[in-house]
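# Geometric and topological summary
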Amino acid sequence: MIDDIQIMIAGHAGDGVLFTGNVLGKILKRQGWEVVTYRDFPSNIRGEATNYTIRASLSKIYNRGDAIDVLMAFDCDSILRHISAIAEDGIVLCEGGVTESIRLSQKKGRTFHKFPMREMAKKNLGSEIFKNTILLGGLCYILDLDLKIIDEVLTEVFLSKKGEEVVQKNIQAVIFGCDEAEKIVKKEEKHTLVKRPDIDRLFIAGDEAVALGSLAAGCRFFAAYPICPATEIWQWLIKHIHTFNGLVVQTEDEIAAINMALGAAYAGVRSMTATSGPGASLMMEAFSLAGMAEIPLVIAHVQRVGPSTGLPTRPEQSDLNQWVFGAHGDFPRIVLSPGTIEECFYFMADAFNLAEKYQCPVILLTEQNYGQNFYTVETFDFSHVVIDRGMLLSQADLLKMEDYKRYKFTENGISPRAVPSMKNGIHMVEGNEHDQKGYRDEDEETRIKMMDKRMKKLKSAINDVIPPVFWGKKEACVGIIGFGSTVWPIREAMDQLEDKGVPCKYLQIRTLWPFSASEVKEFMESCDEVFVVENNYSGQLHGLIQGQGIECSHVRKITKYSGHTFRPIEITESILEALKQ
Amino acid sequence: MKEDKYHLNDPTWCRGCGIYGLFAALKQAAVSLQIPPEQVVIVTGIGCHGRLNNYFNSYGFHGLHGRALPVATGIRLSNSSLTVLAVSGDGDAYSIGIGHFIHACRRNVNITCIVVNNRVYGLTQGQTSPTSQKGYVSVSSPFGSKEMPLDGPLLAIISGATFVARGFSGDPKHLTSLITKGITHNGFSLIEVLSPCVTHNKINNTKWFKENVVYMDDSTHYRAEDRTTALEALMDKSKIPIGLLYRKEQPSFDDLSLPSDRPIGLLELDVDAKKLKALMEDFE
């Protein structure tokens with residue numbers, strides 16, 4: 001019985017690959033499977049090669065797998081591009097005929113069939129547009145998909161936007177594709193998938209989870225500028241936030257976005273912006289202001305490949321340094337790194353709570369492969385979302401206070417916060433160094449006391465931020481450290497390594513700043529060998545660990561910066577290779 | 001409320017600086033509108049004008065160079081009960097912040113933007129500014145400025161601003177009336193203030209401004225509702241028109257976008273699980 005399968009749809013931008021992949025993902029989810037999608041798209045609308053991988057499993061998965069079991073290709077080029085990844089018993093259905101080089105590859109046990117989706121759509125359904133649902137029909141036969149579920153999903157997709165006729169025509173195309181596939185695909189070539197109940201689960205992208213999480217956490221103002229791969233966050237929010245009496249503003253640039261969000265946060269709203277690397281670079285000056293003026297601002301940063309414009313639609317983890325070390329001057333900041341889609345949702349409440357408790361900017365650092373891909377997750381539990389507004393004063397509290405000082409020196413550095421329109425709370429918010437009331441002050445003693453006040457907030461925050469997670473067996477001698485989405489390929493690699501007699505343990509960092517130095521040190525001291533696995537060139541997490549003064553002589557870096565996430569096998573092989581030396 | 005209610009400290013700008021005229025006019029406008037100081041937020045940029053918060057009693061936000069307008073926008077949209085002013089200089093609003101300036105004009109949020117225009121960078125010691133006249137000699141243009149000066153009010157009108165005025169610090173009474181009208185205008189209002197810099201700009205001094213300004217108001221049968229008239233007046237470079245130059249009644253961004261009259265910033269936050277669950281169903 002199949003318990004894990006990977007399907008790829010490949011073609012060129014404009015072929016409808018994304019649409020077909022999303023629909024297939026939803027169908028598999030409804031059929032009770034755990035689903036992960038992986039979109040491999042260039043940054044353009046039409047023309048260039050694209051592919052969409054859907055992995056389905058009976059157990060929880062979070063990353064694409066190693067081999068492609070079923071490939072649906074709109075052209076022969078797409079087959080050749082992925083031929084090495086096709087499983088030995090893989091099946092390929094292709095728009096075009098089988099070329100000589102494909103024929104050679106066939107000898108390995110793979111099967112190839114011509115499946116002229118375009119031609120069939122034109123001839124039998126009157127328009128090429130039905131090629132994608134014919135493709136779905138082909139998969140319906142190969143995978144034994146439930147027609148009722150396909151019907152249900154297509155109705156959801158088309159009914160409200162295009163009407164009943166379009167729904168029916170597409171379902172007809174699915175049935176046609178299914179029948180045609182039956183004529184050419186032999187029974188033993190099928191990859192039959194079981195059906196399980198689909199209860200209390202979502203099929204959701206990381207950006208959407210962040211958006212829903214922010215709304216649940218009380219975000220009521222959002223200002224942002226369009227950028228891949230973060231825009232989906234506010235494109236979802238803008239449809240719903242008004243029903244919570246909130247507002248999303250599309251700004252002229254990222255500088256305006258962060259400054260507007262800062263203005264809103266200062267005025268007492270839970271406020272945020274979202275961006276990616278290039279936008280974050282533009283935001284750095286205001287990020288520093290948020291630190292200086294002690295304004296609780298949340299920034300969701302969905303990382304893509306840098307530097308510069310880089311690869312805008314592809315994943316990387318190379319903006320850690322940007323937020324941990326970025327912007328001028330020393331000031332407190334908190335950087336969170338979710339490792340699951342669930343954490344993308346739940347960490348939003350943490351982000352807002354930490355921002356308000358410590359009155360500093362908080363960054364939620366996610367990645368393109370989470371942001372724009374879909375995952376099956378358990379429904380979110382809103383009873384876990386708690387709102388803690390820290391030292392935000394009420395009007396009644398404020399009226400009782402004598403000589404209110406916005407930046408009052410306190411033991412932990414956190415001062416009670418009044419917002420404009422409150423009586424008895426008038427104060428100044430200053431980007432210049434300031435006194436306890438916020439007014440500009442260049443006195444040496446004040447400067448030192450104010451710096452100390454701001455910086456010591458992190459000393460209490462360190463016990464309040466999200467701790468790392470330990471995976472694996474304590475007694476293992478090989479340790480792995482990572483952050484963000486690498487957790488899943490790493491965990492799968494750990495299973496592969498265990499099978500090869502190399503048990504590993506793994507520490508997943510979830511707060512990048514303030515850094516969980518004592519946990520990391522303890523973990524590293526318990527290992528003979530440590531591998532820091534990350535999706536960037538220089539090993540930014542490795543550098544961060546080194547910077548804490550932790551002994552690193554037994555540490556090696558495993559990095560990948562190709563514009564793609566790790567496949568588990570790549571991590572396994574890198575570790576085995578390194579251990580041989 | 002009397003004037004002293006808004007007077008926090010005596011200013012320490014250079015003696016004779018035009019900005020004293022703005023300070024006086026602002027206080028007078030607040031008195032005439034009777035706005036409680038805690039209902040006023042003044043957002044300033046970087047420049048000599050940025051000291052205003054130290055002298056005017058209200059909530060104050062002294063942020064980054066050129067970014068007063070987006071901050072003011074965020075504050076106003078979060079709490080529509082507030083009177084929000086973005087006070088800026090010619091370098092702040094027309095140079096580093098020009099992008100925000102144009103977009104604030106077309107966005108039409110209910111805020112008031114005051115640009116103190118002294119045609120020079122004062123705080124950084126006398127460099128040429130975007131409003132310095134062509135040929136202007138300064139530490140940053142020792143052989144004379146080669147660039148055309150920028151006209152803020154003209155740019156504001158063609159960018160879609162619905163209230164555009166220009167005053168002169170040497171006539172605080174006139175300026176007070178413009179600021180008062182600007183604050184009560186529904187939507188974005190720009191009041192540019194011609195303000196001599198006594199320390200760095202020896203050309204455009206008080207005498208020069210007095211000789212070159214021309215009042216455009218009811219007495220001259222000027223119609224501020226007519227866009228073409230306003231543009232013609234501003235494009236005539238022989239004189240500097242002051243007064244309410246252009247006004248248009250139209251719904252503000254606030255009217256069109258805010259979900260309700262309740263200020264967002266003052267809402268009690270709770271986790272409305274029922275409503276959130278309904279939204280979550282979209283993903284099932």
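Further up the page is the structure itself.
What you are looking at is a predicted structure, and each value in this text was computed from that prediction instead of being measured.

Procedures and definitions
- Residues numbered from 1 in each chain as written.
- Chains lettered and ligands numbered in written order.
- Predicted model: local features only at pLDDT ≥ 70, side-chain atom pairs only at ≥ 80, totals over all residues.
- Heavy atoms only, no water.
- Helix = DSSP H or I, 4+ residues; strand = E, 2+ residues; numbered from the N terminus.
- Rg over C-alpha atoms; globule rule 2.2 N^0.38 Å.
- Buried < 20%, exposed > 50% of the residue type's maximum accessible area, 1.4 Å probe, protein only.
- Contact = heavy atoms within 4.5 Å.
- Areas by Shrake-Rupley, 256 points an atom, 1.4 Å probe, with all protein chains shown as cover.
- Lys, Arg positive; Asp, Glu negative; His and termini not counted.
- Charge placed at Lys NZ, Arg CZ, Asp CG, Glu CD.
- Axes fitted to C-alpha atoms, helices over the stretch in contact; angles between N-to-C directions.
- Parallel < 35°, antiparallel > 145°, perpendicular 65-115°, else oblique.
- Left-handed = near helix turned anticlockwise from the far one by under 90°.
- Nonpolar A, V, L, I, M, F, W, Y, C, P; charged D, E, K, R; others polar.
- Pairing = 2+ DSSP bridges.

## Quick word on the overall build of chain A
A count of helices and strands for chain A gives 20 helices and 21 strands. A compact globule built from 581 residues would reach a C-alpha radius of gyration of about 25 Å, and chain A, at 26 Å, matches this within 12%. Seen through its principal axes, chain A has C-alpha atoms that stretch 85 × 60 × 40 Å. For chain A, with 581 residues in total, the buried portion stands at 63%. Counted over contacts in chain A with a minimum sequence separation of 6, partners at least 24 positions apart contribute 75%. As presented, chain A carries roughly 21100 Å² of accessible surface, and 51% of it is formed by carbon and sulfur atoms.

## Considerations on the overall build of chain B
Looking only at helices and strands, one finds eleven helices and ten strands in chain B. Its C-alpha atoms give chain B a radius of gyration of 20 Å, near enough to 19 Å, the size a compact globule of 284 residues would have. Along the three orthogonal principal directions, the C-alpha set of chain B runs to about 70 × 45 × 40 Å. Restricting to contacts in chain B with at least 6 residues of sequence separation, those with at least 24 account for 70%. Summed over its atoms, the accessible surface of chain B is roughly 11600 Å², and 54% of this surface lies on carbon and sulfur atoms. Side-chain charges in chain B split into 28 positive and 27 negative, and the spacing between the mean points of these groups amounts to 7 Å.

## Some thoughts on the side chain of Thr275(A)
Secondary-structure assignment places Thr275(A) in strand β10 (residues 271-275). Residues contacting Thr275(A), with those up to four places away along its chain left out, are Ile227(A), Ala230(A), Glu254(A), Ala280(A), Met283(A), Ala300(A), His301(A) and Val302(A).

## A look at the packing of helix α10 (residues 254-266) of chain A against helix α11 (residues 277-293) of chain A
The description of two helices packed together rests on the angle between their axes and the distance between the axes. Residue and element names in this part refer to chain A. Across the interface, α10 lies against α11 with an axial gap of 8 Å and an inter-helix angle of 30°. By the angle between their axes, α10 is roughly parallel relative to α11. Note that α10 runs across α11; the crossing there is right-handed. Here Glu254, Ile255, Ala257, Ile258, Asn259 and Leu262 of α10 lie close against α11, whose contacting residues are Gly279, Leu282, Met283, Ala286, Phe287, Leu289 and Ala290. Looking at the contact of α10 with α11 residue by residue, the class counts come to ten nonpolar, two polar and one charged.

## A look at the pairing of strand β1 (residues 4-12) of chain A
Within a regular beta strand, the side chains point alternately toward one face of the sheet and then the other, so they alternate between its two faces. Residues and elements named next belong to chain A. Along β1, seven of the nine residues are buried, which leaves the element largely enclosed by surrounding structure. Relative to strand β3 (residues 49-57), β1 runs antiparallel, the two sharing nine bridges. From the neighbouring strand, Ile9 faces β3, where its bridge partner is Tyr52. With four bridges connecting them, β1 and strand β4 (residues 68-73) associate as parallel partners. Paired with Ile7 across the two strands is Val70, which belongs to β4.

## Focus on the sheet that holds strand β1 (residues 40-44) of chain B
Here we have nine strands laid out as an open sheet, ordered β15(A)-β2(B)-β1(B)-β3(B)-β4(B)-β8(B)-β7(B)-β10(B)-β9(B), and mixed in their pairing. Each edge of the open sheet is held by one strand with a lone partner, namely β15 (428-430) of chain A together with β9 (213-215) of chain B. Between one strand and the next, the sheet's axes are offset by a mean angle of 20°, whatever the strand orientation. Of the pairings in the sheet, the one linking β15(A) to strand β2 (residues 59-62) of chain B comprises three bridges and is parallel in character. Paired with Glu430(A) across the bridge in β2(B) is His62(B). Along the sheet, helix α9 (residues 227-235) of chain B makes contact with β7 (163-168) and β10 (240-247) of chain B, crossing β10(B) at roughly 160°.

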